[in-house]
Amino acid sequence: MRELTPVEPLIRPAMPADVDVLHRFVVELAEAVQLTEAVTAQPRDLAEALFGPRPLVEAVVATVDGQPAGFALFYPTYSTILGRPGLHLEDLYVSPEHRGGGLGRALLVHLADLAVRRGCARLEWWVTRTNESAQRFYDSLHARGLDEIEVRRLDGDLLRDLSGVTR
């Protein structure tokens, strides 16, 4: 692996013109964790979630030399135990040619700063158990795993069945 010099990226809020690049990054991320077949999101879905009448998520784009190099997509959470908001990082992605130069760390520093400025008690995320490089990266930041939480999911037919909504 080649030695990269640390980059001084520009990290800025995503804009509507970034939607196609964000979608490409989402697909690349899914490929990297072998979940390509799970991607059903289209650029219009991201545009609606980010910039529609009722935005659900936010994103920041990291650029290097004016070119998109990575992104982070996140949304607010709330802890009833702490009585304070938090941020949930849904996706963090750095394109392969920019890995190892500090861009992922810069994105997390940016989000940590945003969380602190917003009065958040925590910044949290999920990482697939098979993504060993991400696990090592997060370990290097001293991010702790949570033994007290097990992620559960209802989707597809199971979600519809529980809701009582007929197809």
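Calculation criteria
- Residues numbered from 1 in each chain as written.
- Predicted model: local features only at pLDDT ≥ 70, side-chain atom pairs only at ≥ 80, totals over all residues.
- Heavy atoms only, no water.
- Helix = DSSP H or I, 4+ residues; strand = E, 2+ residues; numbered from the N terminus.
- Rg over C-alpha atoms; globule rule 2.2 N^0.38 Å.
- Buried < 20%, exposed > 50% of the residue type's maximum accessible area, 1.4 Å probe, protein only.
- Areas by Shrake-Rupley, 256 points an atom, 1.4 Å probe, with all protein chains shown as cover.
- Lys, Arg positive; Asp, Glu negative; His and termini not counted.
- Charge placed at Lys NZ, Arg CZ, Asp CG, Glu CD.
- Phe/Tyr/Trp six-rings, centres within 6.5 Å; stacked < 30°, edge-to-face > 60°.
- Salt bridge = Lys/Arg side-chain N within 4 Å of Asp/Glu carboxyl O.
- Pairing = 2+ DSSP bridges.
- Axes fitted to C-alpha atoms, helices over the stretch in contact; angles between N-to-C directions.
- Contact = heavy atoms within 4.5 Å.
- Patch = residues over 30% accessible without salt bridge, like charges linked within 9 Å, V, L, I, M, F, W, Y side chains within 5 Å.

Colleague: Explain the overall build of the protein to me, please; I cannot follow it from the model alone.
Modeller: Along the backbone of the protein there are 5 helices and 5 strands. Along its sequence from the N terminus, the protein presents helices and strands in the succession β-α-α-β-β-β-α-β-α-α. Computed over C-alpha atoms, the radius of gyration of the protein comes to 17 Å, within 12% of the 15 Å expected from 2.2 N^0.38 for 167 residues, which places it in the range of a compact globule. Taken across its 167 residues, the protein has 31% of its residues classed as buried. Summed over all atoms, the accessible surface of the protein reaches about 11,500 Å², with 53% contributed by carbon and sulfur. Counting 18 positive and 24 negative side-chain charges, the protein places the averaged centre of each group 4 Å from the other.

Colleague: Would you mind showing me how to read the packing of aromatic side chains here?
Modeller: Two descriptors summarise a pair of aromatic rings, namely the distance from one centre to the other and the angle between the planes of the rings. The final tally for this structure, using the stated rule, is 4 aromatic pairs. Ring centres of F25 and Y93 lie 5.3 Å apart, and the angle between their planes is 45 degrees; on these two criteria the pair is classed as tilted. Of this pair, F25 sits in helix α1 (residues 19-32) while Y93 sits in strand β4 (residues 84-94), and the two are 68 residues apart along the sequence. For F25, a relative accessible area of 0% puts it in the buried group. Residue class for Y93 comes out buried when judged on its relative accessible area of 4%. On the numbers, 5.3 Å between centres and 50 degrees between planes, the contact of F137 with Y138 is tilted. Here the aromatic residues F25, F71 and Y93 are joined through ring pairs into a cluster of three or more.

Colleague: Would you take a moment to explain the pattern of salt bridges for this structure?
Modeller: Opposite charge on two side chains lets them pair, provided their charged atoms get close. Here the structure, examined in full by the defined rule, presents 6 salt bridges. With its nearest N and O atoms 3.1 Å apart, the salt bridge here joins R24 to E28. In this pair, R24 and E28 both sit in helix α1, 4 residues apart, roughly one turn of the helix. Overall, R24 belongs to the partly exposed group, its relative accessible area being 40%. Its salt-bridge partner being R160, residue D157 comes within 2.9 Å of it at the nearest N-O pair. You can see D157 and its partner R160 sitting in helix α5 (residues 156-163), 3 residues apart, about one turn around the helix.

Colleague: In this structure, what is going on with the sheet that holds β4? I would like to understand it.
Modeller: Whenever strands of a sheet pair, they do so through backbone hydrogen bonds, lying parallel or antiparallel. Read from one edge to the other, the open sheet built from 5 strands follows the order β1-β2-β3-β4-β5, with strand pairing classed as mixed. Looking along the sheet, the strands with just one partner apiece sit at the ends: β1 (10-13) and β5 (122-125). Each neighbouring strand pair of the sheet contributes to a mean axis angle of 30 degrees, computed without reference to strand direction. One ladder, built from 10 bridges, connects strand β3 (residues 67-79) with β4; its direction is antiparallel. In the sheet register, G70 faces β4, and the bridge partner there is V94.

Colleague: Can you walk me through the side chain of R12 in this structure?
Modeller: Here R12 is to be found in strand β1. What makes R12 buried here is its relative accessible area of 18%. R12 has contacts with D18, A59, V60, V61 and T63, leaving out every residue within four places of it along the chain.

Colleague: What is the right way to look at a nonpolar patch on the surface in this model?
Modeller: On the surface, a cluster of nonpolar side chains totalling about 400 Å² of accessible area is made up of W126, L146, I149 and V151. With respect to the helices and strands, L146 occurs in the loop between α4 (132-140) and α5.

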